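So the chains spell out like this:
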Amino acid sequence: MREIELLKSDPGTLGDFCGAKEEKFVDMLKSLKMPSKEVEHYRYFDMEYLLSKNYYLIDKKSSRSAENSNRLVFENGYLKEAPKEFISRSGFSAQEHFDPVYPLSHLLSCERVSLEIDRDVTLEVSHVNTLKGALGAYRISLRIKSGAKVLIKERFEGEKGSGSLILFGWDVDIQEGSLEFVTISEPKSEGAVFVGSHYIRADKESFTGYRSYALGSGTVANIALIELEKSSRCEASHLVFAMERASVANITKIVHKKSDAATRQKSRHVLKDKAQAVFDALVRVEKDAEGASVHQENRTVLLNDGAYMVAKPQLEIYIDELEASHGSTTGQIDPQELFYIRSRGIEELKAKKLIITGFVNELIQEAPKECIEEIGVAFERLFATE
Amino acid sequence: MIKIESLKAAIGGKEILKGLDLEIKKGKVHAIMGPNGAGKSTLSKAITGHYEVEITGGDILYKGESITKMEPELRALKGIFMSFQNPVEVPGVTNAYFLREALNAKMEFEGKEPLNPADFLRMAREYCEILGMDPKMLNRSLNVGFSGGEKKRNEILQMLILKPDFIILDEIDSGLDIDALKAVSQGINRLRNADRSFLIITHYSRILEYVKPDYVHILKDGRVTKTGDYSIVKDIEERGYSEIGERL
Ligand SMILES: Nc1ncnc2c1ncn2[C@@H]1O[C@H](COP(=O)(O)OP(=O)(O)OP(=O)(O)O)[C@@H](O)[C@H]1O
Ligand SMILES: [Mg+2]
């Protein structure tokens, strides 16, 4: 393993460093500037700090074969298990992306997996890291065809991987079909940091559910660029329940490329202790995207003074008429609600829990039914640590 | 049941209750009437331990014990219940779940086994029927989008399920149509017995025709200015509060 300090490296030399000259990613990285506070959406999520640490780069190794399985498992930067039936040989291409971590993870990736799915399936994906101080990067590409309904359920395990940074991401092309992409993380303060940067292209009449659930005390970022073609629909939901010194970022850019596409994006944040979160969500409706419908909403509850929320739901519209709504609120637990519940004999802590559970329930219930229980359990688990 | 002795209470630094005395007897129904802003809701908030109310003097004894420093949930567990003048909405928490949590908290407090969900639901549905409530309301978020009348019925549903010992009904009759008023009154009468006491706060005699009070009090400017039987209600209706006050 070799040491790497990303911020001190020139993108060009990074390419060399990785043993592969990927001009495209290098150029992209240069044009986007390495992730720093100069990048607007990193002003409140300390990507720069994460990249300024010293890591050991997990090396590219030549041949390694993954076990056949019905799951997709990455362990310490490498593919460990994969469903052979879906592995495809098609090549990998990176897209233009607003986020500098995206080309960076492409550039550094030591593992690239291509999948092609043409039938209804639930794919569980597990990201495991047990190395300390390591930098891992890998990418997954997925093509959905033949009207298939695909559910991706992504989980993370990084408790033992303190000081590690895992840059990974998906490049999804929904050609004909639908995707439910559910990412559930329980980041721990001493655990590895997973940063997912994704690109999803939703072809005409497709459906995309992009749902992130972050429940914990550590650092995690979910970044996505989603492009919507004609009559496609996107539902994005983000639930954050963070405590201690957690830092959680949900950064999305949803672009309506063509007409009659619909976006509905909802987020709920509950922040405690010194937790901070950023919800930076841009929906852009391009000039060819008439008949767009866009609804964006964020609600945040801060449980104490030290918690900090930056919510930036934004609309950027290049058409004359559309159906849109847009809002964001931040507040505390309503004392009237709290008193009402306590006055029925429910003790204060339980009453607060009831209110918070109610607050987040809507988003939990929106998850595909296969995931609801798991998210509920993660939520309970975090509550129990209080 | 309840003995209130020269109670002084303030909201936001403003004194609202100014030395109020009131005794509520076991098994009796007391009604309180009085002009807007007299302090009726403040009194019920003081009894239930609302965070806005600051007790600045006097005492409230419940079953012989001073409760002014007790947490609201403990007061509830010991049998005090108030139906809110304006019940709040709690999004995302279903009515049924909330009711069961409340009931189980009480059962646990009394050292009893919690009710299983099926039995609970059967009971809740039965009470809904008595109150003319659609049982579907049990699956909706607590009070969210309920009409004024539905909220009031829902308060009575909670009362029926929790079967408290001392029940304050703060304007339970306001905004109810005649059918709802009958249903709500039926719910109240159902719980009436020799051990339970009620304090009904109202502006109208109508509910008191369905739920006959044993005593009627007039609360004015932070004090109980008159106590008597049902005949006071007629006096108020005929002459208004100002004249009655002047006679004292
Ligand atoms: N949160 C508050 N802040 C300031 N003043 C308050 C507050 N709550 C109540 N008050 C004041 O306290 C006084 C008594 O109010 P209370 O609600 O007890 O009256 P009430 O007798 O119940 O009247 P109504 O018949 O209109 O319900 C009023 O003057 C009211 O304005
Ligand atoms: Mg009142």
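Residues numbered from 1 in each chain as written. Chains lettered and ligands numbered in written order. Predicted model: local features only at pLDDT ≥ 70, side-chain atom pairs only at ≥ 80, totals over all residues. Heavy atoms only, no water.

Q: When you look at the overall build of chain A in this model, what are you seeing that I'm missing?
A: Scanning chain A from N- to C-terminus turns up 7 helices and 21 strands. The C-alpha radius of gyration of chain A comes to 20 Å, within 12% of the 21 Å expected for a compact globule of 386 residues. By principal-axis analysis of the C-alpha atoms, chain A measures approximately 65 × 50 × 40 Å. Partitioning the intrachain contacts of chain A with sequence separation of at least 6 by distance along the chain shows that 83% fall at a separation of at least 24. For chain A, the accessible surface area stands at approximately 15,500 Å², while carbon and sulfur atoms represent 45% of it. (Helix = DSSP H or I, 4+ residues; strand = E, 2+ residues; numbered from the N terminus. Rg over C-alpha atoms; globule rule 2.2 N^0.38 Å. Contact = heavy atoms within 4.5 Å. Areas by Shrake-Rupley, 256 points an atom, 1.4 Å probe, with all protein chains shown as cover.)

Q: Got a minute to help me understand the side chain of T42 of chain B in this structure?
A: Residues and elements named next belong to chain B. Among the secondary structure elements, T42 is positioned in helix 1 (residues 40–48). Judged by relative accessible area, T42 falls into the buried class, the value being 10%. With near-sequence residues (within four places) excluded, T42 lies in contact with I11, I16, L17 and V53. (Buried < 20%, exposed > 50% of the residue type's maximum accessible area, 1.4 Å probe, protein only.)

Q: Help me understand the sheet that holds strand 10 (residues 197–201) of chain B, please; the structure alone is not making it clear to me.
A: Backbone hydrogen bonds are what pair the strands of a sheet, in a parallel or an antiparallel way. Residues and elements named next belong to chain B. In spatial order, the strands read 6-9-10-3-11-12; together these 6 strands make up an open sheet with mixed pairing. Every other strand in the sheet has two partners, leaving strand 6 (80–83) and strand 12 (223–228) as the edge strands with one partner each. Taken pair by pair, the neighbouring strands of this sheet meet at an average axis angle of 20°, ignoring direction. As paired elements, strand 9 (residues 166–170) and strand 10 share 5 bridges and run parallel to each other. For D170, the partnering residue across the bridge sits in strand 10 and is I201. Its contacts with the sheet put helix 5 (residues 148–162) on strand 6, strand 9 and strand 10, and the angle it makes with strand 6 is roughly 165°. (Pairing = 2+ DSSP bridges. Axes fitted to C-alpha atoms, helices over the stretch in contact; angles between N-to-C directions.)

Q: Is there a simple way to think about the interface of chain B and chain A in this case?
A: How big an interface is tends to be expressed through the accessible area that disappears when the partners come together. Across the contact, 31 residues belong to chain B and 19 residues belong to chain A. With both chains or domains summed, chain B and chain A bury close to 2,100 Å², and 66% of this area falls on carbon and sulfur atoms. Inspection of the region where chain B meets chain A yields 3 salt bridges. Between R342 of chain A and E71 of chain B there is a salt bridge, and its shortest N-O distance comes to 2.4 Å. Linking chain B to chain A there are 11 residue pairs in polar contact (both at pLDDT 80 or more). Here the side of chain B that touches chain A takes 5 residues from helix 3 (residues 95–109) of chain B, the largest share from any one element. Taken together, the residues of the side of chain B that touches chain A break down into 19 nonpolar, 7 polar and 5 charged. (Buried area = accessible area lost by both parts, 1.4 Å probe. Salt bridge = Lys/Arg side-chain N within 4 Å of Asp/Glu carboxyl O. Polar contact = N/O pair within 3.5 Å; in protein donor to acceptor, adjacent residues only side chain to side chain. Nonpolar A, V, L, I, M, F, W, Y, C, P; charged D, E, K, R; others polar.)

Q: Looking at this structure, I do not really get the site of ligand 1. What am I missing?
A: All names here are of chain B. Within the structure, ligand 1 sits among 15 residues, and G37, K40, S41, T42 and H203 are positioned closest to it. Contacts to ligand 1 include S41, whose backbone N or O atom sits 2.8 Å from an oxygen atom. In this structure, an oxygen atom belonging to ligand 1 sits 3.3 Å away from a side-chain N or O atom of Q85. Within the complex, the protein chains bury 66% of what would otherwise be the 630 Å² of accessible surface of ligand 1. Put simply, the parts of the chain that give the shell around ligand 1 at least two residues each are strand 2 (14–24) and helix 1. (Near = heavy atom within 4 Å.)

Q: So what exactly am I meant to see when it comes to the coordination of the magnesium ion (ligand 2) here?
A: Note on metal sites: the ideal angle is 109.5 degrees for four tetrahedral donors, and 90 or 180 degrees for six octahedral donors. Surrounding the magnesium ion (ligand 2) are the protein donor atoms S41 of chain B (OG) and Q85 of chain B (OE1), which sit 2.0 to 2.3 Å from the metal. Of the two residues, S41 of chain B is situated in helix 1 and Q85 of chain B in the loop between strand 6 and strand 7 (90–94); the sequence distance between them amounts to 44 residues. (Donors = N, O, S within 2.8 Å, 3.2 Å for Na, K, Ca; no water.)

Q: How do you make sense of the environment of K30 of chain A when you look at a structure like this?
A: Residue and element names in this part refer to chain A. Locating K30 in the fold gives a position in helix 2 (residues 23–32). Accessibility expressed as a relative area gives 45% for K30, which makes it partly exposed. Along the primary structure K30 and L108 are separated by 78 residues, whereas in three dimensions their C-alpha atoms are 14 Å apart. Setting aside chain neighbours within four positions, we find K30 in contact with P11 and G12.

Q: Would you mind showing me how to read the pattern of salt bridges here?
A: When the charged atoms of two side chains with opposite charge come close together, those side chains can pair. Residues and elements named next belong to chain A. Under the counting rule described, the total for this entry stands at 44 salt bridges over all chains. Between K153 and E374 there is a salt bridge; the shortest N-O distance is 2.6 Å. Here E374 lies in helix 7 (residues 369–384) and K153 lies in strand 9 (residues 148–157), a separation of 221 residues in the sequence. Judged by its relative accessible area of 8%, K153 is buried. The class for E374 is partly exposed, based on a relative accessible area of 22%. Between D203 and R201 there is a salt bridge, and its shortest N-O distance comes to 3.5 Å.

Q: Would you take a moment to explain the confidence of the model for chain B for this structure?
A: Where the model shows low pLDDT, its predicted coordinates should not be examined in detail. Of the residues in chain B, 98% reach a pLDDT of 70 or more, and the chain-wide mean stands at 93. In the model output, the complex is listed with pTM 0.88 alongside ipTM 0.96. (pLDDT = per-residue confidence, 0-100.)

Q: Please clarify how the packing of aromatic side chains should be interpreted in this entry.
A: Where two aromatic rings form a pair, the distance of their centres and the angle of their planes describe that pair. Evaluation of the coordinates by the stated rule reveals 14 aromatic pairs over all chains. Geometrically, the ring pair formed by F241 of chain A and F383 of chain A is tilted, given 5.3 Å between the ring centres and 50° between the ring planes. Of this pair, F241 of chain A sits in strand 15 (residues 233–242) while F383 of chain A is found in helix 7, placing the two residues 142 residues apart along the sequence. Exposure class is identical for F241 of chain A and F383 of chain A. Each is buried. Plain terms: the ring middles of F339 of chain A and Y51 of chain B are 6.3 Å apart, the flat faces sit at 70° to each other, and that makes the pair edge-to-face. Here F339 of chain A is found in helix 5 (residues 335–342), whereas its partner Y51 of chain B is found in the loop between helix 1 and strand 4 (53–62) on a different chain. (Phe/Tyr/Trp six-rings, centres within 6.5 Å; stacked < 30°, edge-to-face > 60°.)

Q: What is the right way to look at empty space enclosed by the protein in this model?
A: Taken as a whole, this structure holds 3 cavities of 30 Å³ or more when the rule is applied. Taken as a whole, the largest cavity holds about 80 Å³ of empty space. Forming the walls of the largest cavity are S343, R344 and G345 of chain A together with A76, L77, G79, I80, F81, A102, K106, L162 and P164 of chain B. (1 Å grid on protein atoms, 1.4 Å probe; cavity = no way out; pocket = protein on both sides within 12 Å on 5 of 7 lines; lining within 4 Å. Points joined across faces, edges and corners; volume = space filled by probe spheres on them.)

Q: What exactly am I supposed to notice about helix 1 of chain B here?
A: Helical geometry: 3.6 residues make up each α-helical turn, so side chains three or four residues apart lie on a common side. Residues and elements named next belong to chain B. Extensive coverage of helix 1 is indicated by the burial of 7 of its 9 residues. Along helix 1, the positions that sit buried rather than exposed are K40, T42, L43, S44, A46, I47 and T48. A positive backbone phi angle near 85° is found at G49, which sits one or two residues after helix 1.

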